[in-house]
Amino acid sequence: MIRITDILDRISAYHPGADVEIVERAYIYSARMHEGQVRLSGEPYLSHPLEVAGLLTELKLDTVSVAAGLLHDVPEDTKASLEDIAEMFGSDVAHIVGGVTKLSRLPFRSSEARQAESIRKMILAMADDIRVILIKLCDRLHNMRTLKYQTEDKQIRIAQETLDIYAPIANRLGINWIKNELEDIAFMYLFPHEYREIANKVTRKKEEQGEYVEKVKEIILKRMAEAHINCEVEGRHKHFYGIYHKMMVQQIKFEDVYDILAFRIICHTIPQCYEALGLIHSFWKPIPKRFKDYIAMPKPNMYQSLHTTVIGPFRERVEIQIRTKEMDRVARNGIAAHWQYKEGKTFDEKTSQAFTWLRKLVKEQEYLKDPDEFMETVRIELFPDEVYVFTPRGDVLTLPKGATPVDFAYAIHSEVGNQCLGAKVDGRIVPLKYQLKTGEMVEIITSPHHKPSKDWLSFVKTAKARSRIRQHIKTTERKRSLTLGHDMCEKIFRKHNLNLAKLVKSGEIQKACTELGYKTADDLIAAVGYGKVTPLQVVRYFAPRSELKEKRETIVEKLKQRIRGKKPKPGILVKGLDGILIRYGKCCNPLPGDPVVGYITRGQGVTVHRTTCPHALSMDPARRIELEWAPDTDEVYPVRIHVLGHDRIGLLANITAALSETEANILEASVNTRADKRADCYFTISVVDAKHLEKIMKSVKKIKNVIKVSRITG
């Protein structure tokens, strides 16, 4: 465990004259508040804030940040409040601690909603003060380093969240060493077999390449010295998850990943970098289309370097990166390398550009109240690969990889996106779903009479385009639903000698709105048009009971005849409604115990989806309806599972025996054997609920030579 004296010494080393008294006081207060608390590892809880503070000193942050790091868990895990921290350590420290603190004390309808709101709060706080996310990243890094003490379920959940959210944030901020370590640890818990395999191969490769690395470094240094270029040369190996990701994306074997080893030339000036590049190309043949100039066009996270791939001294492909010492420092620490200690100083223009994605995210979150939509937007904005395209005026726009002319149009302005009729790329007409490439010039063709299409949601990549299209569709559908709902209500109100317009104008309809859970008459009438409320449910608040009962019985009888004896499936309950036709989404196969949501489909009842189902996320939120699983149902549900294992005699027999022992009926089975002697076993089984499935999967996972077991939801 790091000691407070080590932390103070580090601060004094990189920031002589810093007032460390606030750090000492924060340490004493944190120690007193956390006294008696222990971590799952058995260590005193204080070890965690100390390690977080230690990581912050590796980023060379100011004393306010380090003090906030020592106090970041105090409001959440002790009786102390943010007001107490503000009083003792100032508003800056309290503001940062408040941004880092999770929302664990507030009630939410699901763990997904809690996670979404925690991420939302963190993003808003980091937009106001970037130190919030720097502390959060250090907090997450130490938690990942000690993840082995958590249960297996928590390990997988935390590792996945780290890979989805925190590693991409570290990448966006350019903090390469934190990003790499977060990815590697998450990789180790999510794919333990693949992790061990790659780790062993990299270790062997390092041992084999020791002499080769020294030889290449010697050749580069000798040639640079002859040209009077004073530089340093180092070799670096790609981190494990980076190798795995490349293997998966490009569908290649470990042996075909040529940039596992790369060489870095660190010069003193930018002209020397270009001179070194020319020199490298003069004695080793460069590979076409493998050169990237990130000095002239830096990445959004401020990363700068020259990248080239050449045929090296032993006829092998070699990747070489060339940069200055300052660029190397920024490549390691990113945004933290630009942090200013003195009050009143702000980031320069170049550094501020690194926050463009964050400002967009803050702006978009205002429109996204649904936690699933918000988390989807966060993941889109954190997507690391990007393309750089030009407007007709020569301005550069940065868009995520796979972005289309529609994304480009919305990046220019919401109205340009809404009126987008077509697009030209480098002077030629292209389809709206065309995927843009770096360096292309894009021109948007607009028409004031053109409106966004729902089909656009299937190919747009940016959060802004997605949210604006949904917003427009929702507005349009609401207008249609209002008209339809008004016609439906008027028709049934007239049958009961009631005047809908008069009831709305007098405000009498408000009692029906309140009872049915709607704020205004328009909301209620639109809900009728959507099919979420029936006109009968509205009119029963005004029509005489006997007359209404007679009408209802007639309608029910007609409905029975129309559906010809069809009955809703047991197992799911629609809140507030009875007798609704239920279907289960084949795209995600929900099971009792899964968080579910329903979507109303005109004429087809309610379709049940898992809350994480991509199809459900893309549907109109206005058609959403709350559901719950019915207790004590005898129904069984089909579900598909994938078992990956090393092929051996008796493997299939062992798996089917395990399925039988856990009372799972096998409906369908197939086995494919790969060239690498692995077997993909696919089963469709019937289960009672999600807990039953979890029990089955754990049982199968224990079988010898089984690598992983996963549920197939598509």
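Residues numbered from 1 in each chain as written. Predicted model: local features only at pLDDT ≥ 70, side-chain atom pairs only at ≥ 80, totals over all residues. Heavy atoms only, no water.

A closer look at the side chain of Thr391
Line of reasoning, step 1. Within the secondary structure layout, Thr391 lies in the loop between strand E7 (386-390) and strand E8 (396-400).
Line of reasoning, step 2. Relative accessible area serves as the criterion here: at 9%, Thr391 is assigned to the buried category.
Line of reasoning, step 3. Setting aside residues no more than four positions away along its own chain, Thr391 makes contact with Leu397, Phe408, Ile412, Met441 and Val442. (Helix = DSSP H or I, 4+ residues; strand = E, 2+ residues; numbered from the N terminus. Buried < 20%, exposed > 50% of the residue type's maximum accessible area, 1.4 Å probe, protein only. Contact = heavy atoms within 4.5 Å.)

Regarding the confidence of the model for the protein chain
Line of reasoning, step 1. Overall, the prediction assigns the protein chain a mean pLDDT of 81, with 82% of residues at 70 or greater.
Line of reasoning, step 2. Averaged pLDDT values over the elements of the protein chain bottom out at 49 in helix H26 (residues 545-563) and peak at 94 in helix H14 (residues 270-283).
Line of reasoning, step 3. Scored below 50 in pLDDT, residues 103-110 makes 17 contacts in the model with residues more than four places away or belonging to other chains. (pLDDT = per-residue confidence, 0-100.)

Describing the pattern of salt bridges
Between side chains of opposite charge, a pair can form when the charged atoms approach closely.
Line of reasoning, step 1. Evaluated as defined, the whole model comprises 21 salt bridges.
Line of reasoning, step 2. With a closest N to O distance of 3.6 Å, Arg678 and Glu197 form a salt bridge. Linking Arg678 in strand E20 (residues 678-687) with Glu197 in helix H12 (residues 192-226), this pair joins segments that are 481 residues apart in sequence.
Line of reasoning, step 3. Judged by its relative accessible area of 32%, Glu197 falls in the partly exposed class. (Salt bridge = Lys/Arg side-chain N within 4 Å of Asp/Glu carboxyl O.)

Remarks on the packing of aromatic side chains
Line of reasoning, step 1. One pass over the full model with this rule turns up 15 aromatic pairs.
Line of reasoning, step 2. Taken together, a centroid distance of 6.3 Å and an interplanar angle of 50° make the contact between Phe187 and Phe191 tilted.
Line of reasoning, step 3. Between Tyr212 and Phe263, the aromatic rings sit 6.4 Å apart at their centres with planes inclined by 65°, giving edge-to-face as the arrangement. Of this pair, Tyr212 sits in helix H12 while Phe263 sits in strand E2 (residues 261-267), and the two are 51 residues apart along the sequence. With respect to class, Tyr212 is no different from Phe263; both count as buried.
Line of reasoning, step 4. One aromatic cluster in this structure is built from Phe187, Phe191, Tyr195, Phe240, Tyr241 and Tyr244. (Phe/Tyr/Trp six-rings, centres within 6.5 Å; stacked < 30°, edge-to-face > 60°.)

Things to note about the pairing of strand E18 (residues 637-646)
Line of reasoning, step 1. Of all ten residues that make up E18, seven are buried, and the element is covered over most of its length.
Line of reasoning, step 2. Direction of pairing for E18 relative to E20: antiparallel, over a ladder of ten bridges. When the bridges of E20 are listed, His646 appears paired with Arg678.
Line of reasoning, step 3. Note: E18 against strand E21 (residues 706-712), six bridges, orientation antiparallel. What sits directly across from Ile641, in E21, is Arg711. (Pairing = 2+ DSSP bridges.)

Some words on the packing of helix H2 (residues 21-33) against helix H4 (residues 63-71)
Line of reasoning, step 1. Interhelical geometry of H2 versus H4 gives an angle of 5° and a closest axis separation of 9 Å. On the basis of the axis angle, H2 is roughly parallel to H4. Within the contact between the two elements, H2 uses Ile22, Val23, Ala26, Tyr27, Tyr29 and Ser30 and H4 uses Thr63, Val66, Ala67, Leu70 and Leu71.
Line of reasoning, step 2. Split into classes, the residues belonging to the contact of H2 with H4 amount to nine nonpolar, two polar and no charged. (Axes fitted to C-alpha atoms, helices over the stretch in contact; angles between N-to-C directions. Parallel < 35°, antiparallel > 145°, perpendicular 65-115°, else oblique. Nonpolar A, V, L, I, M, F, W, Y, C, P; charged D, E, K, R; others polar.)

Comments concerning the sheet that holds strand E10 (residues 428-430)
Line of reasoning, step 1. Strand order across the open sheet formed by three strands is E10-E9-E11, with antiparallel pairing between neighbours. Two strands bound the open sheet, and with one partner strand each, they are E10 and strand E11 (442-446). Here the average twist between neighbouring strands, direction ignored, is 35°.
Line of reasoning, step 2. Looking at chain direction, strand E9 (residues 420-425) and E11 are connected through five bridges and run antiparallel. From the neighbouring strand, Val425 faces E11, where its bridge partner is Val442.
Line of reasoning, step 3. Its contacts with the sheet put helix H19 (residues 405-412) on E9, E10 and E11, and the angle it makes with E11 is roughly 80°.

Considering unusual backbone geometry
Line of reasoning, step 1. Phi is positive for Lys289, close to 65°, though the residue is something other than glycine.
Line of reasoning, step 2. On the accessibility criterion, Lys289 (83% relative accessible area) is exposed.
Line of reasoning, step 3. The residue Asp426 is not glycine, and still its phi comes out positive at about 50°.
Line of reasoning, step 4. Of note, Asp426 is situated in the loop between E9 and E10.

A short note on the side chain of Ser47
Line of reasoning, step 1. For Ser47, the position within the fold is in helix H3 (residues 47-58).
Line of reasoning, step 2. At a separation of 2.9 Å, a polar atom in the side chain of Ser47 contacts the main-chain carbonyl oxygen of Pro44.
Line of reasoning, step 3. If sequence neighbours within four positions are ignored, Ser47 has contacts with Met1, Arg39 and His142. (Polar contact = N/O pair within 3.5 Å; in protein donor to acceptor, adjacent residues only side chain to side chain.)

Notes on the environment of Pro638
Line of reasoning, step 1. Along the polypeptide, Pro638 turns up in strand E18.
Line of reasoning, step 2. Residue Pro638 is classed as partly exposed on the basis of its relative accessible area of 47%.
Line of reasoning, step 3. Setting aside chain neighbours within four positions, we find Pro638 in contact with Asn589, Leu667, Thr684, Ile685 and Ser686.

As for the sheet that holds E21
Line of reasoning, step 1. Read across the open sheet, the four strands follow the order E19-E20-E18-E21; overall the sheet is antiparallel. The open sheet terminates on both sides in strands that have one partner only, identified here as strand E19 (665-673) and E21. When strand polarity is set aside, the average angle formed by the axes of neighbouring strands in this sheet is 20°.
Line of reasoning, step 2. The strands touched by helix H28 (residues 651-661) within the sheet are E18, E19, E20 and E21, with E20 carrying the most contacts at an inclination of about 20°.
Line of reasoning, step 3. Strands in contact with helix H29 (residues 690-701) are E18, E20 and E21; relative to E21, the strand with the most contacts, it is inclined by about 160°.

Considerations on helix H11 (residues 176-190)
Line of reasoning, step 1. For H11, built from 15 residues, the straight-helix expectation of 21 Å at 1.5 Å per residue is met to within 8% by its first-to-last C-alpha distance of 21 Å.
Line of reasoning, step 2. Along H11, the residues classified as buried are Trp177, Ile178, Lys179, Asn180, Leu182, Glu183, Asp184, Ile185, Ala186, Phe187, Tyr189 and Leu190.
Line of reasoning, step 3. Those residues of H11 that are buried are in contact with H3, helix H9 (131-145), helix H10 (152-172), H12, helix H13 (240-250) and helix H15 (325-333). (Expected span 1.5 Å × (residues − 1).)

Brief notes about the nonpolar core
Line of reasoning, step 1. Residues Leu71, Val93, Leu137, Ile178 and Ile198 are the most contacted members of the largest nonpolar core, which totals 75 residues.
Line of reasoning, step 2. The residues touching Val93, leaving out its near neighbours within four places in the chain, are Ile22, Val64, Ala68, Leu71 and Ile85.
Line of reasoning, step 3. Judged by nonpolar contacts, the second largest core, of 32 residues, contains Val606, Leu627, Ala664 and Val709. (Core = buried A, V, L, I, M, F, W, Y, C linked by side-chain atoms within 4.5 Å.)

Points about the environment of Ile175
Line of reasoning, step 1. Note that Ile175 resides in the loop between H10 and H11.
Line of reasoning, step 2. Overall, Ile175 belongs to the buried group, its relative accessible area being 0%.
Line of reasoning, step 3. Expressed as a C-alpha distance, the spacing of Ile175 and Tyr303, which sit 128 residues apart in the sequence, is 9.7 Å.

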